[in-house]
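Residue-level structure breakdown
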2 protein chains.
Amino acid sequence: MISQHYKDMLQQKSVIREMNAKAGALAEKIGKDKIFNYSLGNPSVPAPDCVNEVMKDILENTDPLSLHGYSESHGILEVRAAVAAYLKKKSSLPYTADHVFMASGAAGAIAHAVRAVVCPGEEIITFAPYFPEYGPYVRETGAVLKVVPPDTESFQINFEAFEETISEKTAAVLINSPNNPSGIVYSTQTIDRLAQILTQAGEKYGHSIYLISDEPYREIVFEGTDAPFISAHYKNTLMCYSFSKSISLPGERIGYVAVNPAADEAETIIHMCTQISRGIGHNCPASLIQLTVAKVLDQTADLSVYEQNSRILYRELTRLGFSVVKPGGTFYMFPKAPEEDAMAFCQKALNYGLVLVPGDSFGAPGFFRIAYCVPTETVERSIPQFEKLAADYGLI
Amino acid sequence: MISQHYKDMLQQKSVIREMNAKAGALAEKIGKDKIFNYSLGNPSVPAPDCVNEVMKDILENTDPLSLHGYSESHGILEVRAAVAAYLKKKSSLPYTADHVFMASGAAGAIAHAVRAVVCPGEEIITFAPYFPEYGPYVRETGAVLKVVPPDTESFQINFEAFEETISEKTAAVLINSPNNPSGIVYSTQTIDRLAQILTQAGEKYGHSIYLISDEPYREIVFEGTDAPFISAHYKNTLMCYSFSKSISLPGERIGYVAVNPAADEAETIIHMCTQISRGIGHNCPASLIQLTVAKVLDQTADLSVYEQNSRILYRELTRLGFSVVKPGGTFYMFPKAPEEDAMAFCQKALNYGLVLVPGDSFGAPGFFRIAYCVPTETVERSIPQFEKLAADYGLI
């Protein structure tokens with residue numbers, strides 16, 4: 001029988017996509033140059049030239065049968081070894097190829113990590129504000145997602161609420177730092193306290209609690225921000241990485257799971273990922289893309305535009321009376337809406353051509369997300385519109 | 001808690017991989033030129049030159065931000081439209097982009113198709129001999145795989161056993177023609193009879209029974225073989241296609257689900273695939289690979305070597321007294337082992353450097369698979385070894 005479950009999911013509209021659709025409709029009506037589309041987290045800077053150069057070089061200098069052939073189900077060994085060497089250098093943790101599983105972007109990495117360390121019926125805790133897709137990512141494995149409400153002063157972890165949520169049913173904690181939607185980076189102090197609680201709870205309940213660390217924004221950290229290498233602070237960490245944001249390759253679907261070599265059953269977890277793939281139809285990212293990223297691991301797109309946009313928006317929005325926690329990375333910020341109903345606020349913002357996303361679906365009602373992965377010129381032109389919006393609310 | 005389920009799966013060895021590993025070990029011992037590795041279904045001819053040319057052209061002439069950017073979750077629209085136009089021309093069925101979902105190879109396509117039309121607890125019927133991965137593919141969705149025993153005279157469908165297996169619990173039937181491991185192509189008569197039974201059972205049980213048609217070998221059909229376009233014979237068909245075999249791109253993980261436009265809820269099924277992706281972490285094949293295949297839809301690798309190998313092996317093996325059903329396509333054949341225990345036979349074949357795979361895991365004990373995707377020169381050199389093996393069994 002046709003699946004009612006997936007049919008029903010079609011009715012659950014994504015508010016991000018809805019706002020983006022509104023932007024499109026509005027652009028048709030009043031002109032594209034009057035629309036400031038801050039709804040989508042889509043990189044606005046191209047991949048660096050070296051990506052295409054490396055691809056062309058591989059195409060010209062590799063035997064096509066081997067280039068386009070099956071890779072082993074963990075990913076191509078030389079690619080895994082290159083990722084491990086890169087992470088080892090970055091962290092001093094003794095990663096080897098045995099600790100790396102190549103995945104189709106962060107979504108693919110999380111799909112494997114969750115299935116490896118959380119059984120159906122067990123609980124995964126995440127912290128608001130959080131990426132709304134964590135809902136289906138976790139639910140479809142049969143596990144239960146528990147959301148800890150936000151610390152709205154800092155968007156670091158609300159530890160009081162966390163300690164009330166953690167229980168013997170907790171199998172894993174899922175974090176995302178630098179964070180979508182807040183732009184906040186969890187500090188060393190935050191990560192150490194989290195690690196301490198997880199260690200103590202593991203001892204109390206008699207089983208390890210894994211930390212699944214979703215890090216697609218790991219390379220987008222602004223100057224002066226304390227950005228610890230999370231896996232180095234808690235041994236039972238599965239890092240889920242994607243090349244989508246740092247090197248602007250979201251469509252090429254490439255990332256990995258890297259398990260801290262000291263984690264319980266670290267190598268077994270990587271082997272288990274190959275079995276998980278069989279059921280979910282994954283079978284590795286594309287060979288050409290795997291081989292490409294292995295050669296550009298230390299490269300990024302020109303990420304400076306995000307920091308520049310962040311500075312301008314933070315300076316101007318605070319000047320206009322908005323309450324904003326200053327981002328430490330990513331290309332998002334998450335100000336407080338000047339009225340309780342953030343959806344109503346975002347609806348009003350549309351009158352000024354500003355396309356923003358209400359925070360409700362991120363688990364933080366009353367806030368709104370600005371995805372400032374847009375040209376700086378667009379940011380600058382949008383400031384007078386924010387000014388009118390602020391005046392509308394009597395902030396200035 | 002770490003998943004015992006996936007940990008246990010690690011213990012279930014694939015006999016194909018085991019035989020391949022034995023080939024490797026034997027090659028080390030007695031020399032690679034004395035080994036005839038017929039264990040793996042890995043294309044032996046390279047992708048045609050046009051593939052790499054198209055890739056380089058795309059890399060040189062597409063804006064990198066758009067090239068490597070997110071595609072919509074159904075796949076890139078122009079790619080889906082191109083696939084639809086190709087299928088329409090081939091079949092006269094009125095495919096449009098709305099009937100095509102881009103997937104990561106056949107494994108990805110089947111992962112989506114099964115979840116769309118079969119609910120947990122329901123049954124999927126397949127026909128032996130069948131690809132062993134159908135086991136985990138189906139089981140991990142929560143559905144139950146029922147295997148109909150083979151018609152060992154022809155390797156067409158054993159309809160008597162099928163009619164005993166089909167019931168009100170049957171949600172879908174999963175077929176693979178041209179077939180791995182038999183090399184047999186289901187005839188027009190077979191497909192029409194299958195369609196008739198499915199239609200009648202659908203009426204009897206009050207719900208449509210979908211046909212999931214796994215067709216990675218669709219383009220590898222030998223001269224004179226009756227090879228119907230299956231979707232045209234039964235309206236509720238979901239075709240799962242992969243470019244792995246026809247154009248030798250197995251590592252690039254690219255294929256699609258195409259629903260017969262006349263199927264019940266055809267367009268809804270394609271939309272549902274996007275929801276299925278969210279839970280299994282799929283999010284489209286790589287953009288560059290999608291754009292590439294759209295431009296080479298009517299191209300194939302030089303597939304003639306498979307037909308040539310098939311002719312030589314069929315002629316020689318029958319001459320040597322083996323009982324073989326003549327393949328109509330693919331790069332497999334599936335002779336009867338000259339002793340009841342096909343594993344023991346394959347073990348003995350290793351003494352002659354012949355690496356074959358016993359049929360037990362394909363649901364057909366007593367037979368063995370020859371994957372003749374190897375250079376013709378290798379096939380020719382292997383014949384004297386088959387001759388010694390036949391003599392060992394007193395066949396000649």
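Everything below is about the structure shown above.
Residues numbered from 1 in each chain as written. Chains lettered and ligands numbered in written order. Predicted model: local features only at pLDDT ≥ 70, side-chain atom pairs only at ≥ 80, totals over all residues.

A short note on the overall build of chain A
- Check the secondary structure of chain A and you find 14 helices and twelve strands.
- For 396 residues, the compact-globule estimate of 2.2 N^0.38 gives 21 Å, and the C-alpha radius of gyration of chain A, at 21 Å, lies within 12% of that figure.
- C-alpha atoms of chain A, sized along the principal axes, occupy 60 × 55 × 55 Å.
- Here chain A, with 396 residues, has 54% of them falling under the buried criterion.
- Counting only contacts in chain A whose residues sit at least 6 apart along the sequence, the fraction spanning at least 24 positions is 74%. (Helix = DSSP H or I, 4+ residues; strand = E, 2+ residues; numbered from the N terminus. Rg over C-alpha atoms; globule rule 2.2 N^0.38 Å. Buried ≥ 20, exposed ≤ 12 C-beta atoms within 10 Å, placed from the backbone. Contact = placed C-beta atoms within 7 Å.)

Examining the sheet that holds strand S6 (residues 210-214) of chain B
Residue and element names in this part refer to chain B.
- In spatial order, the strands read S2-S8-S7-S6-S5-S3-S4; together these seven strands make up an open sheet with mixed pairing. In this open sheet, the two edge strands, each paired with only one partner strand, are strand S2 (100-103) and strand S4 (144-148). For this sheet the average axis-to-axis angle between neighbouring strands, irrespective of direction, equals 20°.
- Where S2 meets strand S8 (residues 255-259), four bridges bridge the pair, whose relative direction is antiparallel. Bridging from a neighbouring strand, Ala103 pairs with Gly255 of S8. (Pairing = 2+ DSSP bridges. Axes fitted to C-alpha atoms, helices over the stretch in contact; angles between N-to-C directions.)

Quick look at the relation of the copies chain A and chain B
- The operation relating chain A to chain B is a screw motion whose rotation component is 180°, with 0.0 Å of axial translation and a residual RMSD of 0.0 Å. Expressed as an axis order, the relation between the two copies is that of a two-fold axis.
- Taken as a fraction of all interface residues of chain A, those also at the interface in chain B reach 100%, which identifies the copy contact as same-surface. (Least-squares fit on C-alpha atoms with pLDDT ≥ 70 in both.)

A word on the interface of chain A and chain B
- Taken together, the contacts link 61 residues of chain A with 61 residues of chain B.
- Listed by contribution, the elements that provide at least two residues to the side of chain A that touches chain B are helix H1 (4-9), helix H3 (49-61), helix H4 (64-67), helix H6 (105-117), helix H7 (134-139), helix H10 (266-280) and helix H11 (287-294) of chain A.
- A per-class count over the side of chain A that touches chain B returns 31 nonpolar, 20 polar and ten charged. (Nonpolar A, V, L, I, M, F, W, Y, C, P; charged D, E, K, R; others polar.)

These results come straight from atomic positions and should not be treated as a statement about function.
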